[in-house]
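Structural description and commentary
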Amino acid sequence: AVALTHRLPQPFDWLPEGLLLKITFSLRGLVDASRAIERQLNGGNIPEARRLLSWHLVSRDTNNLDESGISAAVIESVSENACDGLVAPLMYYAQGGLPVALAYRFINTCDSMLGYHDAAREWLGKIPARLDDLANLLPARLSSLLIILAAYLTGNSPRNAWKTMRQQAKHTLSPNAGYPMSAMAGALNVELEKSGHYRLGLGHPKPQPGDINRATRMLFVLAGLLTALVCTAKLIPPASDRGATQTLPR
């Protein structure tokens, strides 16, 4: 596909590649789902907020979640998907182009579909789950740093985000998910809890529906920062090209 796009005349050669790249990441869908749940919470419709949360964002049981529990789950999804759905595919695109970004999306989707602890998928899902852990090692940490910078630019708490990330990033079973989630918890000064699994931002108040909007605002800023990084990476020539010298005939 990339080879075919390069046959098109400039500046139209970038359009098909851009369309294919778009299927590897999602920003609007994540924000729209989060804000739809926030609207239901603000309207007092807890059952509908639970339904939307289960339908769009999480696989956990939402039947017993109260307002703060739903808000926490949304914020956790926003921060974790900032890595899976935005930072990782674009980072891999900057490093290896469209084929590498699509390879990451394939691994991540396999993990989402198969990486569950149940009788049917316990062993089948181990390979994509471990591959996904490996593929997200660097993107997760980059995501947490971008969240800290976004916290500074949006008037939240970058210092607390850094402190919480350093102290609590490893409190989750996943080797990666705790980094962006703990950074977001610290930035918003809220406690994010998944009952029986983890608590991040210990000692801070439980999140409220308004904190969802703060998280999505940070996500937009993070997307802008990431776009600038990707464009810079794509515009800088490889070191081998920069160091090459041309030998002229005598």
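Every value quoted in this text rests on a predicted model; they were computed, and no experiment measured them. (Residues numbered from 1 in each chain as written. Predicted model: local features only at pLDDT ≥ 70, side-chain atom pairs only at ≥ 80, totals over all residues. Heavy atoms only, no water.)

Turning our attention to the overall build of the protein. Of regular secondary structure, the protein possesses 12 helices and 2 strands. Ordered by position in the sequence, the α and β elements of the protein form the string α-α-α-α-α-α-α-α-α-α-β-β-α-α. At 20 Å, the protein has a C-alpha radius of gyration in line with the 18 Å of a compact globule built from 250 residues. Projected onto the principal axes, the alpha-carbon positions of the protein cover approximately 80 × 45 × 30 Å. The 250 residues of the protein split such that 45% are buried. (Helix = DSSP H or I, 4+ residues; strand = E, 2+ residues; numbered from the N terminus. Rg over C-alpha atoms; globule rule 2.2 N^0.38 Å. Buried < 20%, exposed > 50% of the residue type's maximum accessible area, 1.4 Å probe, protein only.)

Right, let's get into the packing of helix α4 (residues 46-56) against helix α5 (residues 67-96). Contact geometry for α4 and α5: axes closest at 11 Å, N-to-C directions at 25 degrees. Taken together, the axes of α4 and α5 lie roughly parallel to each other. The two elements α4 and α5 cross, and the hand of that crossing is left-handed. Mapping the contact onto sequence places Ile46, Ala49, Arg50 and Leu53 in α4 and Glu67, Ile70, Ala73 and Val74 in α5. (Axes fitted to C-alpha atoms, helices over the stretch in contact; angles between N-to-C directions. Parallel < 35°, antiparallel > 145°, perpendicular 65-115°, else oblique. Left-handed = near helix turned anticlockwise from the far one by under 90°. Contact = heavy atoms within 4.5 Å.)

Under the counting rule described, the total for this entry stands at 0 disulfides. Between Cys83, a free cysteine, and Cys110, which holds the nearest cysteine sulfur, the sulfur-to-sulfur gap is 17 Å. With relative accessibility at 3%, the residue Cys83 sits in the buried group. (Disulfide = S-S within 2.5 Å.)

This part is about the pattern of salt bridges. Considering all chains together, one arrives at 8 salt bridges under this definition. Notably, a salt bridge pairs Glu76 with Arg60, separated by 2.8 Å at the nearest N-O pair. With Glu76 in helix α5 and Arg60 in the loop between α4 and α5, this residue pair connects regions lying 16 residues apart in the sequence. Residue class for Arg60 comes out buried when judged on its relative accessible area of 19%. With a shortest N-O distance of 3.0 Å, Glu193 and Lys206 are connected by a salt bridge. With Glu193 in strand β1 (residues 192-194) and Lys206 in the loop between β2 (198-200) and α11 (209-235), this residue pair connects regions lying 13 residues apart in the sequence. (Salt bridge = Lys/Arg side-chain N within 4 Å of Asp/Glu carboxyl O.)

This brings us to the side chain of Thr62. Along the chain, Thr62 falls in the loop between α4 and α5. In this structure Thr62 comes out as buried when scored by relative accessible area, which is 5%. With near-sequence residues (within four places) excluded, Thr62 lies in contact with Arg50, Leu53 and Ser54.

What follows deals with the environment of Pro207. Note on placement: Pro207 falls in the loop between β2 and α11. Between the alpha carbons of Pro207 and Arg217 there is a distance of 15 Å; along the sequence they are 10 residues apart. With near-sequence residues (within four places) excluded, Pro207 lies in contact with Ser68, Ser71, Ala72, Ile75, Val190, Glu191 and Leu192.

Time to look at unusual backbone geometry. The phi angle at Asn189 is positive, at roughly 55 degrees, despite the residue not being glycine. Topologically, Asn189 is positioned in the loop between α10 (178-188) and β1. By relative accessible area, which is 31% here, Asn189 ends up partly exposed.

With that settled, the discussion passes to the side chain of Ser68. Along the polypeptide, Ser68 turns up in helix α5. Looking at Ser68, the relative accessible area reads 15%, which means it is buried. At 3.1 Å, the side chain of Ser68 and the side chain of Asp66 are in polar contact. Leave out the neighbours within four places in its chain, and Ser68 touches Lys206, Pro207 and Gln208. (Polar contact = N/O pair within 3.5 Å; in protein donor to acceptor, adjacent residues only side chain to side chain.)

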